[in-house]
Amino acid sequence: MRYTTEHKSLYDSVSKFVAEEINPYVDEWEKEGIFPARELFRKMGAKGFLGITKPEAFGGMGLDWSYDLAFCEAMGETNCGSIPMAVGVQTNMATPALAKIGSDELRKEFLAPAISGDYVACIGVSEPGAGSDVASIKTTARKDGDDYIINGGKLWITNGTQADFMCLLANTGDGPMHKNKSLIVLPMDTPGVTVARKLDKLGMRSSDTAQIFFEDVRVPQRYRIGEEGMGFIYQMQQFQEERLWGSASLIRSLEKCIEDVAEYTRQRVAFGKPLLHNQSIHFRLAELQTEVELLRSLVYRCTEGYINGEDMTRLASMAKLKAGRLAREVTDSCLQYYGGMGFMNETLITRFYRDLRLVSIGGGADEVMLGILSKFMGTHPGGQ
C-alpha cells in the first residue's frame, strides 16, 4: 500500500491541525487531567476528520481505511498519547458497528452528530471482572415491552465523563456467552446512568477515564445496533479497527521519541564529546528506527487486507502485540539516554514512557493477542 497525493494532503492537513490546535495546549490539559472534548471534536468535525470512512449520507467522507491510516499516523504527531487515543475512541472504537449495521434512524440520531463533533462517544465493554475477557461481562439488558432495562457497570471508559452516548455491550439473553450479547447505543444523560468517578491514571493524563454504573436504565430496543445476540461478534469486528488504530497512531509517536532523543544526545556533551557519538547510542537508535519501520510495514499490509474485505484478526493482533512491545522498548531506551533528565516530567520522553505503556494493556492485553495468534497457529491447547 502506498500513499497517494490525496493521502499526503490529508496527512498534512491533520498534522497542521495538531500543530495549531492540539500541541500548544497539551501541557495545560495534562495538568488539568482532561481536555475539552466537545470543543476539540467540533473543530475536527468541521474539517471532516471524524468521519473519513463513514457514510456520506450521515456527513462522512465515504473513503476507504487507507485514509483513516493517514489520519492515524498524523495524529501521532501529538505531544502525548491521550488525545490520539480519545479521538480513536470516537472514530474507530465506538462508531464502526453503528456506521456499518446501525439502522438509518439510529445513524441519523447518533452517528451524524459524532461525525460533526457535536456528540462525544465512548465504548462500554470493560468491567471490573472482565477487561480482556470480554465474554465474561456481567452488565445485563433485559426486555421490558419495547425497551431494555440495563443494570451493571463499566470501568476504564475513555471519554467517559464527557460522552454524550456509549456504544454498550451487554448481555441480552441467557444463552452461550458468545451468543447472548448485543450492542446498544446508550445516551449518557439517561436516568440511572451514573459517572461514579474520574480515574487517576499513571499516564494518558489529559484523557478522562471513568467508572460508570447503570441502575434500571431504560432505553428503547430500537437503540440496539444490528441483531440481538450478535454483539460479541460485532465487538470483535470493531476490535480490528481499534487495534489497527492503536498500532497506526503509535508509529509517529515512536519516531518522535527517537528524533527527540537524537537531538538531545547531539547537544548533550559528556566526557568531551556529544553523547550521540557513542556507538552504543547511535547504533541503538538505528535498531529502534528499523523496528518502527517494520511495524509500519505490518500496519500497511493489514490495512490493505482490511480494505479488501479480508479478516484481519490475525495480522491486526500481530500489529497490536508488536506495537505494545515496541512502545515499551523504544520509550525505555530513549528515556535511558536522557539520563537524569529522563526522570523529569518536563521532558517529552517521560510523558510517552508513561502514556504508551497502555498499548500493551488496552484493547486486549499482550497475552490475549498471543492467545489469539496461538489459536491461528494451531498450538493453543484449547484448539483453533
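J.: Even after reading the chapter, I still don't get unusual backbone geometry, so can you show me in this structure?
T.: Note: most peptide bonds trans; most residues except glycine with negative phi. With a phi angle near 70 degrees, Asn159 is a residue other than glycine that sits in the positive phi range. Secondary-structure assignment places Asn159 in the loop between strand 3 (147–158) and strand 4 (165–171). According to the relative accessible area criterion, Asn159 is buried, its value standing at 0%. A positive phi is found at Phe271, a non-glycine position, where the angle reads about 55 degrees. Tracing the chain through its elements places Phe271 in the loop between strand 9 (269–270) and strand 10 (273–274). Overall, the relative accessible area of 88% leaves Phe271 in the exposed class.

J.: What exactly am I supposed to notice about the packing of helix 10 (residues 313–337) against helix 12 (residues 366–377) here?
T.: The description of two helices packed together rests on the angle between their axes and the distance between the axes. Close contact between helix 10 and helix 12 brings their axes to 9 Å; oriented N to C, the two are set at 145 degrees. Crossing handedness for the pair helix 10 and helix 12: left-handed. Judged by residue contacts, Thr313, Arg314, Ser317, Met318, Lys320, Leu321, Arg325 and Arg328 of helix 10 engage Asp366, Met369, Leu370, Ile372, Leu373 and Phe376 from helix 12.

J.: Whenever I open this one, the nonpolar core confuses me. Can you help?
T.: Side chains of nonpolar character tend, in soluble globular proteins, to be buried together. Membership of the largest hydrophobic core comes to 116 residues, with the highest contact counts inside it found for Met44, Met75 and Leu285. No other element matches helix 8 (residues 231–267), which puts 13 residues into this core. Ignoring any residue separated from it by four or fewer positions in sequence, one finds Met75 in contact with Val14, Val18, Ile22, Met44, Ile83, Pro84, Val87 and Trp245.

J.: Sorry, what's going on with the side chain of Glu77 here?
T.: Tracing the backbone shows Glu77 in the loop between helix 4 (65–75) and helix 5 (82–93). Not counting residues up to four positions away in its chain, the partners in contact with Glu77 are Tyr11, Ser15, Val18, Asn23, Arg252 and Lys256.

J.: How should I be thinking about the side chain of Asp355 in this particular structure?
T.: Inspection of the secondary structure puts Asp355 in helix 11 (residues 348–355). The buried charged residue Asp355 lacks any salt bridge, with Arg354 as its nearest oppositely charged partner at 4.4 Å. Those residues in contact with Asp355, other than ones at most four positions away along the chain, are Cys80, Gly81, Ser82, Gly203, Met204 and Arg205.

J.: I keep staring at the environment of Gly231 and nothing clicks. Help me out?
T.: Assignment of secondary structure puts Gly231 in helix 8. On the basis of relative accessibility, which here comes to 0%, the residue Gly231 falls in the buried class. Taking the C-alpha atoms as reference, Gly231 lies 23 Å from Asp366; in sequence the two are 135 residues apart. Other than its neighbours up to four places away in sequence, Gly231 contacts Leu169, Lys181, Ser182 and Leu183.

J.: Please explain the pairing of strand 4 as it appears in this structure.
T.: Here is the key point about a regular strand: its side chains alternate between the two faces of the sheet. A large share of strand 4 lies buried, amounting to seven of its seven residues. A two-sided burial pattern is seen for strand 4, the buried positions comprising Phe165, Cys167, Leu169 and Asn171 on one face and Met166, Leu168 and Ala170 on the other. As judged from the seven bridges shared by strand 4 and strand 5 (residues 181–187), these two strands associate in the antiparallel manner. Its bridge partner being in strand 5, Phe165 is matched across the sheet by Pro187.

The rules behind these values
Residues numbered from 1 in each chain as written. Predicted model: local features only at pLDDT ≥ 70, side-chain atom pairs only at ≥ 80, totals over all residues. Heavy atoms only, no water. Helix = DSSP H or I, 4+ residues; strand = E, 2+ residues; numbered from the N terminus. Buried < 20%, exposed > 50% of the residue type's maximum accessible area, 1.4 Å probe, protein only. Axes fitted to C-alpha atoms, helices over the stretch in contact; angles between N-to-C directions. Left-handed = near helix turned anticlockwise from the far one by under 90°. Contact = heavy atoms within 4.5 Å. Core = buried A, V, L, I, M, F, W, Y, C linked by side-chain atoms within 4.5 Å. Lys, Arg positive; Asp, Glu negative; His and termini not counted. Salt bridge = Lys/Arg side-chain N within 4 Å of Asp/Glu carboxyl O. Pairing = 2+ DSSP bridges.

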